[in-house]
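The lines below spell out each chain.
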Amino acid sequence: YALAETEDGLTELTDEECPRSSAVYRLSFDSDVPFTPQPPQDQDEPSYSVPDLPEIDGDEIYNAMTALKSDYPEGMKWTNDNSYAWNGGIFSKGYGCAGFAFILSDAAFGRLPARMIKDDELSSYDIRTGDILRMDNDSHSVIVLEKVKGGVIVAEGNYNRSVHWGRMIPDSELKKLTYILTRYPD
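Conventions and cut-offs
Residues numbered from 1 in each chain as written. Predicted model: local features only at pLDDT ≥ 70, side-chain atom pairs only at ≥ 80, totals over all residues. Heavy atoms only, no water. Pairing = 2+ DSSP bridges. Helix = DSSP H or I, 4+ residues; strand = E, 2+ residues; numbered from the N terminus. Buried < 20%, exposed > 50% of the residue type's maximum accessible area, 1.4 Å probe, protein only. pLDDT = per-residue confidence, 0-100. Contact = heavy atoms within 4.5 Å. Core = buried A, V, L, I, M, F, W, Y, C linked by side-chain atoms within 4.5 Å.

**Q** Tell me about the pairing of strand β12 (residues 162-170), and name the residues and values.
**A** Sheet topology note: the strand β11 (residues 151-159)/β12 ladder contains 7 bridges and is antiparallel. Along β12, the bridge assignment pairs Ala155 with Trp165. Count of turn residues in the β11/β12 antiparallel hairpin: 2 residues, of which Asn160 carries a positive phi of about 60°.

What follows is the structure in structure tokens.
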């Protein structure tokens, strides 16, 4: 949803009416989650309410991502010529490895917004299924399929110019991440 505050309250805008640079409230949730505008208040609080998000289940996230294996089989050619427009925010489009990670992320999380974990937060963040890891000196993105003892199992595109499912990345490499994109709410 994109909402603009008017004299009459909040008004829903179409994508054409709402360029990204506009000062509007942009909410991206699954359509199953109801949005309930609230009457304007005299306080400094926003005049809308965001409903509680449904609980995110790691098994459902895993299943949604791996359901795409038949569309993107092991060894399928995937290079920086491949791109994908992402629903998670932060970045509007990803090329190559990032584009592939964004496809799986959208399949798992729909329109939930992403947030970036970087710098000091990285050492204390607990990596989860569906998190996108930016690694190799900010040159490659992977998406976590599952966490295992000693590391994570990932899916990735543009790894040797193709799609790969199931590579393990050891904990020692996870200490060198540039950032993590997660769609799990705070």
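**Q** Mind laying out the pairing of strand β9 (residues 132-135), listing which residues take part and the relevant values?
**A** Both faces of β9 are covered, namely the face carrying Ile132 and Arg134 and the face carrying Leu133 and Met135. Pairing between β9 and strand β10 (residues 140-148): 4 bridges, direction antiparallel. Residue pairing across strands places Arg134 opposite Ser141, the latter belonging to β10. Where β9 hands over to β10, the hairpin turn is made up of 4 residues, of which Asp136 adopts a positive phi near 50°.

**Q** Which residues make up the confidence of the model for the chain, and what are the values?
**A** For the chain, the mean per-residue pLDDT works out to 77, and 70% of the residues sit at or above 70. Below a pLDDT of 50 lies the segment residues 1-5, which in the model reaches 26 contacts outside its immediate sequence neighbourhood of four places, other chains included. Scored below 50 in pLDDT, residues 18-53 shows 52 contacts in the model against residues more than four places distant or in partner chains.

**Q** Now, about the nonpolar core: what can you tell me, with residues and values included?
**A** The biggest cluster of nonpolar side chains holds 26 residues, and the ones touching the most others in it are Tyr72, Phe100, Leu104 and Trp165. Breaking this core down by element, the ones donating at least two residues are α1 (58-66), α2 (97-109), β10, β11, β12 and β13 (179-182). The element best represented in this core is α2, accounting for 8 residues. Tyr125, Leu133, Val142 and Ile180 belong to the second-largest nonpolar core, a separate cluster that totals 14 residues.

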